[in-house]
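Working through the structure, step by step
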Amino acid sequence: MRKFLVIALLFASSFLHAQNDKRATAILDAMSNKYKTMTSFKVAFTYTNEGSKETLKGDATVKGTKFRLKMAGQEIFNDGKVMTTYIKESNEATVNNYDPKEVGDIDPTKVYTIYKKGYKYVFIEEVTESGKVYEVVELSPEKKESKISKVQIKVDKKDKSVKSWKVIQRSGQRLTFKVDKFTPNVAVEEKFFAFDPTQYKGVEVIDLR
């Protein structure tokens, strides 16, 4: 689950709220409103650990309270009622009842609204990359015991889409997530979010419900 907690930092950290920076508030609110109009979306991303130089690919598909998240040999299925974590290496699937409070940071269905509490933020700068202008917002957790020190989010100034996140942990570790492809309003069947053991030969299912 460690890497999925990291994903959480990617998705959860990107949308946080402040009370003292009007420009940052406007940027994040516009970004949030953009994504909330979508019925569903799929995002493919690249994750880089700047210390170890480890680079991984992942993707997430979201529809309402349902999601399917894949990265580093693990996959999480959530159909809104049941959540299953499948680990490819051990060919095991752990099944739990879905509880949004317990899922917390790894829940990508909340990534565009979670910024509304728990963080302060400020506008940092505008940067230009490949002819596009991005606005950078820096976020700081209100709780001192948080493992996160800072999060920097890069938002496209024109269309308000998120380009990347940099998570700086108090340990000094720096994690960067870059959006490779974003597809809004994807056509996806409800069964896509439910784990089907018949599709995984020999899988061991551990039901903790």
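Here the residue index of a chain counts from 1 through its sequence in written order. Given that this is a predicted model, residues contribute local features only at a pLDDT of at least 70 and side-chain atom pairs are listed and counted only at 80 or more, while totals for whole chains, interfaces and linings are drawn from all residues. Only hydrogens and water are set aside when side-chain values are computed; all heavy atoms of the structure are taken into account.

1. Thoughts on the overall build of the chain
Regarding its fold elements, the chain presents three helices and twelve strands. Put simply, the chain has 209 residues, and 44% of those count as buried. Long-range contacts, defined as pairs at least 24 residues apart, comprise 54% of the intrachain contacts of the chain with a sequence gap of at least 6. When the accessible area of the chain is evaluated, it comes to approximately 11,300 Å², of which 50% is carbon and sulfur surface. Counting from the N terminus, the helices are the DSSP runs of H or I reaching at least four residues and the strands are the DSSP runs of E reaching at least two. With a 1.4 Å probe rolled over the protein chains alone, any residue whose accessible area is under 20% of its type maximum counts as buried; one over 50% counts as exposed, and the rest are partly exposed. By definition in these notes, contact holds between two residues if any of their heavy atoms fall within 4.5 Å. Where accessible areas are quoted, they stem from the Shrake-Rupley method and a 1.4 Å probe; at the residue level, only the protein chains shown are allowed to cover.

2. Points about unusual backbone geometry
The phi angle at Lys 53 is positive, at roughly 65 degrees, despite the residue not being glycine. One non-glycine residue, Asn 91, lies in positive phi territory at about 55 degrees. Among the structural elements, Asn 91 can be located in the loop between strand E5 (82-87) and strand E6 (92-97).

3. Section: the confidence of the model for the chain
Per-residue confidence from the prediction method is given by pLDDT, with values spanning 0 to 100. This prediction gives the chain a mean pLDDT of 85; 85% of its residues lie at or above 70. Across the chain, strand E12 (residues 204-207) holds the top mean pLDDT of 97, while helix H1 (residues 2-13) sits lowest at 50. Here residues 12-19 scores under 50 on pLDDT; set against residues more than four positions off or in separate chains, the count is 41 contacts.

4. Section: the pattern of salt bridges
The term salt bridge refers to a side-chain nitrogen of Lys or Arg lying within 4 Å of a carboxyl oxygen of Asp or Glu. Tallied over the entire structure, the rule returns 14 salt bridges. Glu 189 is the salt-bridge partner of Lys 191, the closest N and O atoms lying 3.7 Å from each other. Neither Lys 191 nor Glu 189 differs from the other in exposure class; each is exposed. Asp 207 is paired through a salt bridge with Arg 209; the nearest N and O atoms lie 2.6 Å apart. Assessed through its relative accessible area of 41%, Asp 207 is described here as partly exposed.

5. Observations regarding the sheet that holds strand E1 (residues 41-49)
Pairing is mixed across the open sheet formed by twelve strands, whose spatial order is E7-E8-E9-E10-E11-E1-E2-E3-E4-E5-E6-E12. The two strands at the open ends of the sheet, each matched to only one other strand, are strand E7 (119-129) and E12. Averaged over all pairs of adjacent strands, the angle between their axes in this sheet comes to 15 degrees, without regard to strand direction. Should DSSP find at least two bridges between two strands, the strands are regarded as paired. As defined by bridge partners, strand E4 (residues 74-78) adjoins E5 across five bridges and the pair is classed as antiparallel. Bridging across to E5, Phe 77 finds its partner in Thr 84. Interaxial angle, 0 to 180 degrees, is taken between N-to-C directions of lines fitted to C-alpha atoms, where a helix line uses only the stretch in contact.

6. A word on the side chain of Asn 78
Examined against the element boundaries, Asn 78 turns out to sit in strand E4. The exposure class assigned to Asn 78 is buried, which follows from its relative accessible area of 0%. Contacts described as polar in this section are N or O atom pairs within 3.5 Å, which, within protein, must combine one atom able to donate a hydrogen with one able to accept it, while residues neighboring in sequence count only if both atoms come from side chains. Among the polar contacts listed, one links the side chain of Asn 78 to the backbone oxygen of Thr 65, at a separation of 2.8 Å. Leave out the neighbours within four places in its chain, and Asn 78 touches Thr 65, Lys 66, Phe 67, Met 83, Tyr 98 and Phe 193.

7. Considering a positive patch on the surface
Together, Lys 42, Lys 70, Lys 88 and Lys 181 give the surface a local cluster of positive charge. Inspection of the secondary structure puts Lys 181 in strand E11 (residues 174-184). With a relative accessible area of 56%, Lys 181 lands in the exposed category. What goes into a patch is any residue over 30% in relative accessible area without a salt bridge, connected to like charges within 9 Å or, for nonpolar side chains (Val, Leu, Ile, Met, Phe, Trp, Tyr), within 5 Å. Positive charges are assigned to Lys and Arg, negative charges to Asp and Glu, while His and the chain termini are left out of the count. To locate a charge, the coordinates of NZ of Lys, CZ of Arg, CG of Asp or CD of Glu are taken.

8. Notes on the pairing of strand E9 (residues 148-156)
Direction of pairing for strand E8 (residues 132-141) relative to E9: antiparallel, over a ladder of six bridges. Bridging across to E9, Val 136 finds its partner in Lys 154. The loop that links E8 with its antiparallel partner E9 comprises six residues. Of the pairings in the sheet, the one linking E9 to strand E10 (residues 162-169) comprises seven bridges and is antiparallel in character. In the strand pairing of E10, Ile 153 is matched with Trp 165. The antiparallel pairing of E9 with E10 creates a hairpin that spans five residues between the two strands, and Lys 160 there sits at a positive phi of about 65 degrees.

9. Quick notes on helix H2 (residues 22-36)
Expected helix span is given by 1.5 Å per residue-to-residue step, counting one fewer step than there are residues. Under the 1.5 Å per step criterion, the end-to-end length of H2 is 21 Å for 15 residues, consistent within 8% with the ideal 21 Å. The complete set of buried residues in H2 reads Ala 24, Thr 25, Ile 27, Leu 28, Met 31, Ser 32 and Tyr 35. Around the axis of H2, the buried residues are gathered within 165 degrees of arc, so they sit on the same side. Where the residues of H2 are buried, they touch E7, E8, E9, E10 and E11. The opening residue of H2 is Asp 21, an N-cap whose side-chain oxygen sits 3.2 Å from the backbone nitrogen of Arg 23. Note: the arc covers the axis-to-C-beta directions of the helix.

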